[in-house]
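What the coordinates show
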Amino acid sequence: MMDCIFCKIAAGEIPSDIVYQDEDLLVFRDLNPQAPVHLLLIPKAHIPSANQLTTENSDVIAKIFERIPALAEELGFDKAGYRIVNNCGEDGGQTVSHLHFHLLAGRSLQWPPG
Ligand code: AMP
């Protein structure tokens, strides 16, 4: 997707603060952090949102979630806890149309969110 900012980040065309990457997924720090740790976890392949997940493209979701415990341990918030968020579509507050999960940690997070 030529006009997708997260595809450009995944391709290395736009700089980002990368925490982890492999063939299928990329983890980088959010530009506008909402917590002391605020990571974005994305599939490298373009999937617009959770609403476009299918049996053909959903393997990467397991890969993303399997990576989370290792990230939590490496960054030191595994014991304190964290929150994983996906915003889907306009009412969900999604502003970037490339599927991503927010991983927030480092402070006590309120529920429900605003
Ligand atoms: P959402 O509102 O769920 O679509 O989340 C999009 C997130 O992407 C927001 O938290 C933005 O701060 C973040 N964001 C947008 N552009 C960049 C960028 N170039 N690098 C890092 N994070 C970004």
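The structure under discussion appears in the preceding block.
I will try to describe carefully the structure that is included in this document.

Each value, and the rule that gives it
Residues numbered from 1 in each chain as written. Predicted model: local features only at pLDDT ≥ 70, side-chain atom pairs only at ≥ 80, totals over all residues. Heavy atoms only, no water. Patch = residues over 30% accessible without salt bridge, like charges linked within 9 Å, V, L, I, M, F, W, Y side chains within 5 Å. Areas by Shrake-Rupley, 256 points an atom, 1.4 Å probe, with all protein chains shown as cover. Salt bridge = Lys/Arg side-chain N within 4 Å of Asp/Glu carboxyl O. Buried < 20%, exposed > 50% of the residue type's maximum accessible area, 1.4 Å probe, protein only. Helix = DSSP H or I, 4+ residues; strand = E, 2+ residues; numbered from the N terminus. Near = heavy atom within 4 Å. Polar contact = N/O pair within 3.5 Å; in protein donor to acceptor, adjacent residues only side chain to side chain. 1 Å grid on protein atoms, 1.4 Å probe; cavity = no way out; pocket = protein on both sides within 12 Å on 5 of 7 lines; lining within 4 Å. Sits in = over half its atoms within 2 Å of the grid points.

It is worth spelling out a nonpolar patch on the surface at this point. Together, F65, Y82 and I84 make up a nonpolar patch on the protein surface, roughly 240 Å² of accessible area in all. The exposure class assigned to Y82 is partly exposed, which follows from its relative accessible area of 33%.

Following W111, the chain continues to P112 via a peptide bond in cis, the omega torsion being 0°. Looking at the secondary structure, you find P112 in the segment after β5 (101–105).

This paragraph deals with the site of the ligand. Around the ligand, a shell composed of 16 residues is seen, among which D30, N87, T95, H100 and H102 lie nearest. The contact in question runs from a nitrogen atom of the ligand to an N or O atom on the backbone of L31, over 3.1 Å. Within the side chain of H102, an N or O atom sits 2.8 Å from an oxygen atom of the ligand. Compared with its free state, where it exposes 510 Å², the ligand has 84% of that area covered by protein. Judged by its atoms lying within 2 Å of the grid points, the ligand is housed in the largest pocket.

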